[in-house]
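Residue-level structure breakdown
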Amino acid sequence: LTVTDGNSGTATANLTVNVTANDPPTLTYAAASVNGGSSTTVNPATGPSDNGSVSTVAVQSQGTYTGTISVDSSGVVSISNAAPVGTHTITIRATDNCGTTRDATFTLTVNCVTSLTVNNTGNGADATPGDGFCATTGGVCTLRAAIQEANALTTCSPMTINFSVTGTITLGSA
C-alpha cells in the first residue's frame with residue numbers, strides 16, 4: 001500500500017485483510033414426545049447462537065404432524081393438539097444476519113391415548129375422530145364422542161373410557 005501526501009511525499013506499508021467465514025447458526029434439539037391431543041414445549045439442546053446474530057427462527061417443516069406448532073425467537077418449540085399418533089420429523093430453521101441458515105431436525109413422537117373421560121351426558125359426535133382428543137364441537141366429551149375416538153384409534157388399544165359425570169346417557173342412532 002502506497003500513499004502520497006499533498007507535497008508529493010510517499011510512504012509504503014503492508015496491509016493485511018483477514019476475512020472470517022460466516023459460519024451458520026448453531027441450533028440442535030433432542031427427541032421429544034407428547035400424548036395425542038396434548039401440549040408440550042421443546043427447548044433447544046444448543047443455541048440458537050451465531051458468530052454474528054440470529055435474525056429469525058422458524059418452523060421449516062412439520063412433516064406428517066398435523067397439530068399446532070410454533071417456535072419463538074429463543075428456539076423454544078410449542079406443540080399443541082398433538083396429532084396424529086406416531087413419529088414425526090420436525091425441522092426448525094435458524095437464519096443469521098448474513099442470511100446463512102441452519103436446519104435443526106428432531107423426532108416428535110405422539111403417543112397413544114390410553115383413556116378418555118366422558119364429562120357430558122349429551123349425544124354429540126367427536127369433532128375430529130382419531131386426533132387423540134375426545135371433544136365435540138362444543139368442547140365436551142360425550143359417550144358417543146369417546147366411542148368414536150376410541151374406534152378411530154385402533155392402534156392405541158386397549159382404550160379405557162372413564163366417566164366424570166352422573167346421570168342417564170341415551171345414545172341415538174348415528
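Please refer to the structure placed before this passage.
Let me sum up the structure you'll find in this document. In this text the structure is predicted, and so the values were computed from the model without any measurement. (Residues numbered from 1 in each chain as written. Predicted model: local features only at pLDDT ≥ 70, side-chain atom pairs only at ≥ 80, totals over all residues. Heavy atoms only, no water.)

Take unusual backbone geometry next. In this structure, the amide linkage connecting glycine 47 to the following residue, proline 48, adopts the cis form with an omega of 0°. Here proline 48 lies in strand S6 (residues 46–49). Each neighbour pair has its own omega, and for alanine 83 with proline 84 the value is -10°, a cis peptide bond. Along the chain, proline 84 turns up in the loop between strand S9 (77–80) and strand S10 (86–96). Although it is not a glycine, serine 8 sits at a positive phi angle of roughly 65°. Here serine 8 is to be found in the loop between strand S1 (2–4) and strand S2 (10–12). Judged by its relative accessible area of 63%, serine 8 falls in the exposed class. (Helix = DSSP H or I, 4+ residues; strand = E, 2+ residues; numbered from the N terminus. Buried < 20%, exposed > 50% of the residue type's maximum accessible area, 1.4 Å probe, protein only.)

This part takes up the side chain of threonine 142. Of note, threonine 142 is situated in the loop between strand S12 (115–118) and helix H1 (143–152). Accessibility expressed as a relative area gives 1% for threonine 142, which makes it buried. A polar atom in the side chain of threonine 142 sits 2.5 Å from the backbone oxygen of glycine 124. Filtering out sequence-adjacent residues up to four positions away, threonine 142 remains in contact with Val118, Asn120, Gly122, Asn123, Gly124, Cys134 and Thr136. (Polar contact = N/O pair within 3.5 Å; in protein donor to acceptor, adjacent residues only side chain to side chain. Contact = heavy atoms within 4.5 Å.)

Turning our eyes to something else, we now look at H1. Buried residues of H1: Leu143, Arg144, Ala145, Ala146, Glu149 and Ala150, and no others. Buried residues belonging to H1 abut S12 and strand S13 (160–163).

So, about the packing of aromatic side chains. Going through the model one piece at a time under the given rule, you end up with 1 aromatic pair. Ring plane angle 40° and centroid distance 5.1 Å describe the contact between tyrosine 29 and phenylalanine 106, whose orientation is recorded as tilted. One end of the pair, tyrosine 29, is in the loop between strand S3 (26–28) and strand S4 (32–35); the other, phenylalanine 106, is in strand S11 (residues 101–111), and 77 residues separate them in sequence. By relative accessible area, which is 9% here, tyrosine 29 ends up buried. (Phe/Tyr/Trp six-rings, centres within 6.5 Å; stacked < 30°, edge-to-face > 60°.)

It is worth spelling out the state of the cysteines at this point. Covalently bonding the sulfur atom of one cysteine to the sulfur atom of another cysteine gives a disulfide. Within this structure, the stated rule accounts for 2 disulfides. Cysteine 112 shares a disulfide with cysteine 156; S-S distance 2.2 Å. Taking the torsion about the S-S bond as the criterion, the cysteine 112 to cysteine 156 disulfide, at about -75°, is left-handed. Pair noted here: cysteine 112 is in the loop between S11 and S12 and cysteine 156 is in the loop between H1 and S13, with a separation of 44 residues, a long-range link. Paired through a disulfide, cysteine 134 and cysteine 141 show a sulfur-sulfur distance of 2.0 Å. The chirality of the disulfide connecting cysteine 134 with cysteine 141 is right-handed, given an S-S dihedral of about 90°. Among the residues examined, cysteine 141 registers a relative accessible area of 3% and is labelled buried. Sequence-ordered numbering of the bonded cysteines in the protein chain gives a pairing of 1-4, 2-3. (Disulfide = S-S within 2.5 Å.)

What follows deals with the nonpolar core. Of all hydrophobic cores here, the largest spans 19 residues; its most connected members are Tyr29, Tyr65, Val77, Ile79, Ile92, Phe106 and Leu108. Listing elements by their share of this core, those giving two or more residues are S4, strand S8 (68–71), S9, S10 and S11. Top element by residues in this core is S11. It accounts for 4 residues. Those residues within four positions of tyrosine 65 in sequence are excluded, and the remaining contacts are Ile79, Ser80, Asn81, Ala82, Ala83, Pro84, His88, Ile90, Leu108 and Val110. Counting residues in each nonpolar core, the second largest holds 9 residues, with Leu116, Leu143, Ala145 and Ala146 among its members. (Core = buried A, V, L, I, M, F, W, Y, C linked by side-chain atoms within 4.5 Å.)

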